[in-house]
Amino acid sequence: MNESLLALPLWLDLTLSALVLVGAGFTLVGSWGLAKLSDFLKRLHGPTKATTLGVGCVLIASSLFFSVQDGAPSLHEFLISVFLFLTAPVSAHLLVKALLKGSPALRPPLPQAPAAAAAAAARGEQDPPA
């Protein structure tokens, strides 16, 4: 094995380890949310929020490692991060727009006014009058 790989300073080794662990944790939580949450809008938060942050942490760790290892800034990971952080919110926005224009059965319920919801509950109705 190359000796220069083992000659990282302790602070860098700890920083890289922390970034990879935090990134793996966020990615795991985002993936779990995608698999376990009940409806489309809830499932959308997993990949667009937590998983994006997790992959971003791992990319930052990789960029730091190769920048120190090669002695020059590593731009590949930076470009991937920029692409990821620009496309994830745009794709989530477009998915929600498509949902709202699509089937009415898939749309989330509209929020109810507190007075109308209380009156409907007092009458024993499920939905308040429109």
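First, a word on scope: everything that follows refers to the structure included in this document. (Residues numbered from 1 in each chain as written. Predicted model: local features only at pLDDT ≥ 70, side-chain atom pairs only at ≥ 80, totals over all residues. Heavy atoms only, no water.)

### Side note on the packing of helix α2 (residues 40–70) against helix α3 (residues 75–101)
(1) Moving on: The geometry of α2 relative to α3 is characterised by a closest axis approach of 9 Å and an angle of 175° between their N-to-C directions. One finds that α2 runs roughly antiparallel with respect to α3. Mapping the contact onto sequence places Phe40, Leu41, Leu44, Thr48, Thr52, Val55, Gly56, Leu59, Ser62, Ser63 and Phe66 in α2 and Glu77, Ile80, Ser81, Leu84, Phe85, Ala88, Ala92, Leu95, Val96 and Leu99 in α3.
(2) Moving on: For the contact of α2 with α3, the per-class residue count stands at 14 nonpolar, six polar and one charged. (Axes fitted to C-alpha atoms, helices over the stretch in contact; angles between N-to-C directions. Helix = DSSP H or I, 4+ residues; strand = E, 2+ residues; numbered from the N terminus. Parallel < 35°, antiparallel > 145°, perpendicular 65-115°, else oblique. Contact = heavy atoms within 4.5 Å. Nonpolar A, V, L, I, M, F, W, Y, C, P; charged D, E, K, R; others polar.)

### Let's talk about α2
(1) Moving on: Taking 1.5 Å of rise per residue, the 31 residues of α2 would be expected to cover 45 Å, and the 44 Å separating its terminal C-alpha atoms lies within 8% of that figure.
(2) Moving on: For α2, the principal kink sits at threonine 51 and spans about 35°.
(3) Moving on: Listing the buried residues of α2 in full gives Leu44, Gly46, Thr48, Ala50, Thr51, Thr52, Gly54, Gly56, Cys57, Leu59, Ala61 and Ser63.
(4) Moving on: Looking at the buried side of α2, the elements it contacts are α1 (10–36) and α3.
(5) Moving on: In the segment just after α2, glycine 71 is the residue with positive phi, at about 80°. (Expected span 1.5 Å × (residues − 1). Bend = angle between axes of the 7 residues up to and from the residue. Buried < 20%, exposed > 50% of the residue type's maximum accessible area, 1.4 Å probe, protein only.)

### What about the packing of aromatic side chains?
(1) Moving on: Enumeration according to the criterion identifies one aromatic pair in this entry.
(2) Moving on: Taken together, a centroid distance of 5.0 Å and an interplanar angle of 80° make the contact between phenylalanine 65 and phenylalanine 66 edge-to-face.
(3) Moving on: Of the residues examined, phenylalanine 66 reaches a relative accessible area of 36% and is grouped as partly exposed. (Phe/Tyr/Trp six-rings, centres within 6.5 Å; stacked < 30°, edge-to-face > 60°.)

### Some thoughts on the environment of threonine 52
(1) Moving on: Tracing the backbone shows threonine 52 in helix α2.
(2) Moving on: Distance from threonine 52 to phenylalanine 26, taken between C-alpha atoms, is 8.3 Å for residues 26 residues apart in sequence.
(3) Moving on: With sequence-adjacent residues up to four places away left out, threonine 52 is seen in contact with Pro47, Leu84, Phe85 and Ala88.

### With respect to the side chain of glutamate 77
(1) Moving on: Its place among the elements puts glutamate 77 in helix α3.
(2) Moving on: Notably, glutamate 77 is buried but unbridged: the nearest opposite-charge side chain belongs to lysine 49, and the N-O separation is 26 Å.
(3) Moving on: Among all residues touching glutamate 77, those that are not within four sequence positions of it are Leu59, Ser62, Ser63 and Phe66. (Lys, Arg positive; Asp, Glu negative; His and termini not counted. Salt bridge = Lys/Arg side-chain N within 4 Å of Asp/Glu carboxyl O.)

Remember that the coordinates give geometry; whether it matters functionally is a separate question.
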